[in-house]
Each structure stands twice: as C-alpha cells, then as structure tokens.
Amino acid sequence: METVVSGIRPTGNLHLGNYFGAVKGFLQMQHEYNCLFFIADWHSLTTHPHPADIRKSAYTILSEYLACGIDPEIAPIYIQSDVPETVELYLYLNMIAGIGELMRTTSFKDKARQQLHIDRVHTTEGDVEHEIFNESNKHSVSAGLLTYPTLMAADIIIHKAVKVPVGKDQEQNMEMARRFARRFNQTYGVDFFPEPASFYYSHKAVKVPGLDGSGKMGKSEGNAIYLIDDEKTIRKKVMKAVTDSGPTEPNSPKPEPIANLFTMMEIVSTKDTYDYFNEKYNACEIRYGDMKKQLAEDINAFCAPIRERILAIAADTDYLDKVARQGAEKARASAAKTLNEVRRIIGFHSY
Ligand code: TYM
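A quick note: this is a predicted structure, and the numbers were derived from the prediction, not measured. (Residues numbered from 1 in each chain as written. Predicted model: local features only at pLDDT ≥ 70, side-chain atom pairs only at ≥ 80, totals over all residues. Heavy atoms only, no water.)

Overview of the overall build of the chain
Note the threshold: Per the convention used, a helix needs a DSSP run of H or I reaching at least four residues, while a strand needs a run of E reaching at least two, with both numbered from the N terminus. We compute the radius of gyration over the C-alpha atoms and compare it with the globule rule, which gives 2.2 Å times the number of residues raised to the power 0.38. Buried means the residue's accessible area, taken with a 1.4 Å probe over protein chains only, is under 20% of the maximum for its type, while exposed means over 50%, and partly exposed covers the values in between. What makes two residues a contact is simply this: any of their non-hydrogen atoms within 4.5 Å. Accessible surface area values rest on a Shrake-Rupley calculation with a 1.4 Å probe, where residue burial reflects the displayed protein chains alone. Two residue types count as positive, namely Lys and Arg, and two as negative, namely Asp and Glu; His and chain ends fall outside the count. One atom stands in for each charge, and that atom is NZ of Lys, CZ of Arg, CG of Asp or CD of Glu.
Looking only at helices and strands, the chain has 16 helices and 5 strands in total. Taken over C-alpha atoms, the radius of gyration comes to 22 Å for the chain, in line with the 20 Å a tight globule of 351 residues would show. Summarising its shape, the C-alpha atoms of the chain cover approximately 75 × 55 × 40 Å along the three principal directions. For the chain, with 351 residues in total, the buried portion stands at 47%. Counting contacts in the chain only where the partners sit at least 6 residues apart, residues at least 24 apart contribute 78% of the total. Of the roughly 17200 Å² that the chain leaves accessible, carbon and sulfur atoms contribute 51%. For the chain, the separation between the mean place of its 41 positive charges and that of its 46 negative charges on side chains is 1 Å.

Structure (structure tokens):
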C-alpha cells in the first residue's frame with residue numbers, strides 16, 4: 001500500500017484553510033493508503049523560537065485532528081519531535097541541499113523579509129538575499145528557517161511517502177522535497193526514495209481565500225476563521241468581509257474580494273446556494289448582506305459539530321497521551337527502517 005504523510009505546524013488553532021487545504025484530504029486518504037499524520041512542532045521553531053508551551057500547542061492540533069475525524073487506529077498521529085530519526089535524515093539532506101536553492105524559495109524570502117523588518121528600516125531597499133549576510137543582520141534570519149524545506153523533505157521521505165495532501169501554498173516546498181529525494185538517489189547511485197507528489201482531493205490545488213479583500217486565509221494574515229470559533233464569532237468575521245457596491249452590468253467579472261466570497265461559498269455551502277447567489281450577482285440583484293448571512297450560517301453548520309468534539313477531546317488528556325504515544329511508536333518504527341537503509345547506502349557501519 002502506498003504511504004501518505006502530511007503535517008501542520010502547531011502555531012494556533014486549525015482554520016478553514018487548513019481544513020479544506022489539507023485535513024479534508026487526510027480524511028479521504030486514511031481509508032485507502034498507509035497514512036501518517038503529524039504535528040510539525042520543530043518547524044514552528046523557525047518562526048516562533050521561544051514557544052510558550054509547545055507541547056500544549058501540539059496537543060491543540062492533536063485534539064483538532066481527532067475532532068475532524070482522523071482515526072488514529074488506522075492513521076497514526078504523531079508529534080514531529082517524538083521522532084528523532086527525522087533529524088538524522090535532515091542532516092544528510094542538508095549535505096546535498098544547496099544554499100542557493102534554499103535562499104531562492106519564496107517562503108524563505110517572505111519570512112526572512114518579515115524577520116528583517118526592523119533592521120530594514122535603517123537600510124536601503126535591497127535584495128534580502130544580499131542583506132541576510134549583512135553583519136548587522138547576521139542573527140536575524142536563522143539557518144533553521146533557511147533549511148525549512150530540507151526538514152520538510154525529511155518528514156516526508158523518512159516514511160518513503162509518495163503522496164502528500166497539502167494546500168496550494170506548499171507547492172514549492174513539495175518541489176524541493178522531490179528534488180532532494182532525486183538528488184539523494186543520484187548522489188548515491190540508488191533508486192531508493194520515491195518522489196513525493198502533492199495530493200489534492202478535488203484534483204486541483206486548493207487555496208482557501210481570506211474574506212478581507214485579497215490573498216489566502218492564514219493565521220499570520222490575521223483573517224482566519226477557526227474550526228473552534230463559536231457562532232457569534234463566525235458571524236462577526238463573515239459580516240466584516242470586504243464587498244463593494246455591487247455590479248452595474250449583468251454578468252460582470254467579479255473583483256477579487258467578491259470572487260473570494262464566492263469561492264468560500266463554493267467550498268462550504270451547497271451548490272444550490274452558490275448558484276442562487278451567483279445568479280443574483282449576474283443579474284445585478286445581489287445583496288451582499290444576505291449572502292454573508294447565509295455564508296455565516298453554512299460555516300457555522302459545518303464548524304459546530306467539530307467544535308463540540310474538539311472541546312470534548314481536548315479535555316481527555318489521557319486519551320491524547322495514548323494517541324501521541326502510539327503514533328510516535330508507529331512513526332519511529334517506520335522511520336528507523338528507512339534510516340537504517342539510508343545509513344547503509346551512505347556507507348555508515350550498521351550493527
Ligand atoms: P501549515 O502549518 O502552514 O499549513 C498546514 C496545511 O494547511 C494548508 N493551508 C491552506 N490550504 C489552502 N488554503 C489556505 N488558505 C491554507 N492555509 C493553510 C497548507 O497548505 C498545509 O497543507 N510546511 C507545512 C508543514 C509541514 C509539512 C511537512 C506538510 C512540515 N512538514 C511535511 C506536509 C508534509 C506548513 O507550514 O503547513
């Protein structure tokens with residue numbers, strides 16, 4: 001059976017972007033593949049080096065994974081830092097990864113730019129790639145952030161996974177994972193690691209939009225609707241969505257904020273609901289207030305049962321401990337098997 005791996009960083013609660021970009025795929029795949037799902041707590045150190053309580057944050061995601069419907073009996077859930085074998089593979093991959101290619105990844109450049117923000121106020125506008133080697137900035141951007149994609153590749157190929165359910169924003173990291181798997185094989189003259197492919201449950205990459213005008217929904221974008229949000233919070237967030245005064249010509253193209261509202265409706269509402277408001281839009285009869293009210297209702301209907309399960313599961317720490325322990329055991333067994341082979345391929349002694 002083919003292996004599937006995916007993870008989410010424990011930097012907050014799961015939001016609709018995480019659910020429809022990734023978790024929905026996890027739920028579909030768990031019955032058909034050999035799945036392992038994890039909580040990427042090491043990765044969260046790249047942007048949050050002093051987490052207040054990293055174990056608690058990991059358990060938040062663990063409860064939410066379970067509340068969404070991952071069955072840990074068929075798809076182990078583990079915490080990344082419980083599987084130290086990953087770090088050894090990460091080291092080997094860092095030996096064959098180039099700093100040039102790592103520095104060119106968009107997420108590195110974006111995050112480096114954010115981390116350099118304070119320093120940049122005093123510097124002339126320039127390329128971040130150049131600036132990170134600037135003496136005054138040398139502590140601002142970590143090597144951990146630079147090697148984020150090698151750690152992600154290690155997460156995936158340590159289990160020889162072939163499919164990875166992720167949202168659109170992970171495309172470049174996935175490209176890097178394939179590249180490092182391929183390079184390992186080429187470097188050591190083996191056909192050992194398969195090249196992992198992104199998996200999209202709807203056959204195309206999903207990007208859940210924010211409702212604040214442009215871009216994607218995200219924790220750091222400050223526009224997330226969380227699975228755990230209550231009805232009132234959801235209504236407030238949706239009613240705040242950016243709109244305009246409405247189309248003046250029939251069948252007008254939709255400006256981005258409006259298109260995003262419709263995309264969200266397409267994701268959470270029924271087809272009939274979507275078609276109803278789409279026709280209204282095309283006939284210049286759209287009332288965004290009504291549309292938002294409907295959307296808020298549909299999002300709440302989707303989140304409410306998950307929210308209830310989260311609250312029940314999060315209170316059962318014995319159960320969470322058990323899931324994490326069993327997940328770690330299974331993941332370590334799978335990782336150790338790969339790592340033994342890797343050590344043998346590179347030429348280390350195996351006892
Ligand atoms: P993270 O924690 O940022 O996001 C977790 C998952 O949610 C998806 N996602 C979205 N999908 C669609 N629309 C959105 N608005 C949206 N926001 C988030 C992400 O695409 C992702 O699938 N690098 C990863 C964590 C990771 C990982 C891995 C993933 C570490 N190692 C190995 C897969 C395999 C990340 O930062 O995800």
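Once the structure has been displayed, the description carries forward.
Quick word on helix H4 (residues 85-96)
Turn by turn, an α-helix covers 3.6 residues, leaving residues three or four places apart pointing in a common direction. Convention followed: Here, the arc refers to the directions that run from the helix axis to the C-beta atoms.
Every buried residue of H4 is accounted for by Glu85, Thr86, Leu89, Tyr90, Tyr92, Leu93 and Ile96. When H4 is viewed along its axis, its buried side chains cluster within an angular range of 165° and face the same direction. Of the surrounding secondary structure, the elements contacted by the buried residues of H4 are helix H2 (41-44), helix H5 (99-103), helix H9 (143-146), helix H10 (148-157), helix H11 (171-188) and helix H16 (317-346).

Some details on empty space enclosed by the protein
Applied cut-off: Put simply, the grid is 1 Å and covers the protein atoms alone, a cavity is a trapped set of points that fit a 1.4 Å probe, a pocket is an open set with protein on both sides within 12 Å along at least five of seven lines, and lining residues have an atom within 4 Å of a point. Grid points are joined across faces, edges and corners, and a volume is the space filled by probe spheres set on the points. All residues other than Ala, Val, Leu, Ile, Met, Phe, Trp, Tyr, Cys, Pro, Asp, Glu, Lys and Arg, Gly among them, are scored as polar; the first ten of these are nonpolar and the last four charged.
Under the definition given, this model contains 2 cavities of 30 Å³ or more. As a volume, the largest cavity reaches approximately 50 Å³. In this structure, the largest cavity is lined by Thr105, Ser107, Phe108, Lys111, Leu145, Leu146, Tyr148 and Pro149. When residues of the lining of the largest cavity are traced back to their parent elements, those giving at least two are helix H6 (106-115), H9 and H10. Looking at the lining of the largest cavity, the element that brings in the most residues is H6, giving 3 residues. Here the residues of the lining of the largest cavity are counted per class, giving 5 nonpolar, 2 polar and 1 charged. The volume enclosed by the second largest cavity comes to roughly 30 Å³.

Some details on H16
Just so we agree on the cut-off: One less than the residue count of a helix, multiplied by 1.5 Å, gives the span that helix is expected to have.
Between its first and last C-alpha, H16 extends 41 Å over 30 residues, near the 44 Å set by a 1.5 Å rise per residue. Every buried residue of H16 is listed here: Leu320, Val323, Ala324, Gly327, Ala328, Ala331, Ala335, Thr338, Leu339, Val342 and Ile345. Once H16 ends, the next one or two residues include glycine 347, with phi positive near 115°.

Description of the layout of surface pockets
Which parts of space are left empty comes out when a probe the size of a water molecule is rolled across the atoms. In this model, the largest pocket occupies a volume close to 1300 Å³. Lining the largest pocket are 44 residues; nearest its centre among them are Arg9, Lys111, Asp169, Gln170 and Lys216. Those elements that provide at least two residues to the lining of the largest pocket are strand E1 (3-8), helix H1 (16-29), H6, H10, strand E4 (163-165) and H11. By residue number, the principal contributor to the lining of the largest pocket is H6, which donates 6 residues. The residue inventory of the lining of the largest pocket, partitioned by class, reads 14 nonpolar, 20 polar and 10 charged. Quantified by volume, the second largest pocket comes out at close to 270 Å³.

Concerning the site of the ligand
Convention followed: To be near a molecule or strand, a residue needs just one of its heavy atoms within 4 Å of it. Polar contact is defined as a pair of N or O atoms within 3.5 Å, subject to the rule that within protein one atom must be able to donate a hydrogen and the other to accept it, and that residues adjacent in sequence are counted only when both atoms are side-chain atoms. Molecule-in-pocket calls rest on the fraction of atoms, with more than half required to lie within 2 Å of the cavity or pocket grid points.
Among the 26 residues in the neighbourhood of the ligand, the closest are listed as Arg9, Tyr148, Asp155, Asp169 and Val208. Separating an oxygen atom of the ligand from a side-chain N or O atom of arginine 9 is a distance of 2.8 Å. In this structure, a nitrogen atom belonging to the ligand sits 2.7 Å away from a side-chain N or O atom of aspartate 155. In isolation the ligand has 720 Å² of accessible area, and contact with the protein removes 97% of it. Structurally, the ligand is housed in the largest pocket. Counting residues per element, the ones that place at least two in the shell around the ligand are E1, H1 and H10. Among the residues forming the shell around the ligand, the class breakdown is 12 nonpolar, 9 polar and 5 charged.

Such coordinate-based values are descriptive only and should not be taken to indicate function.
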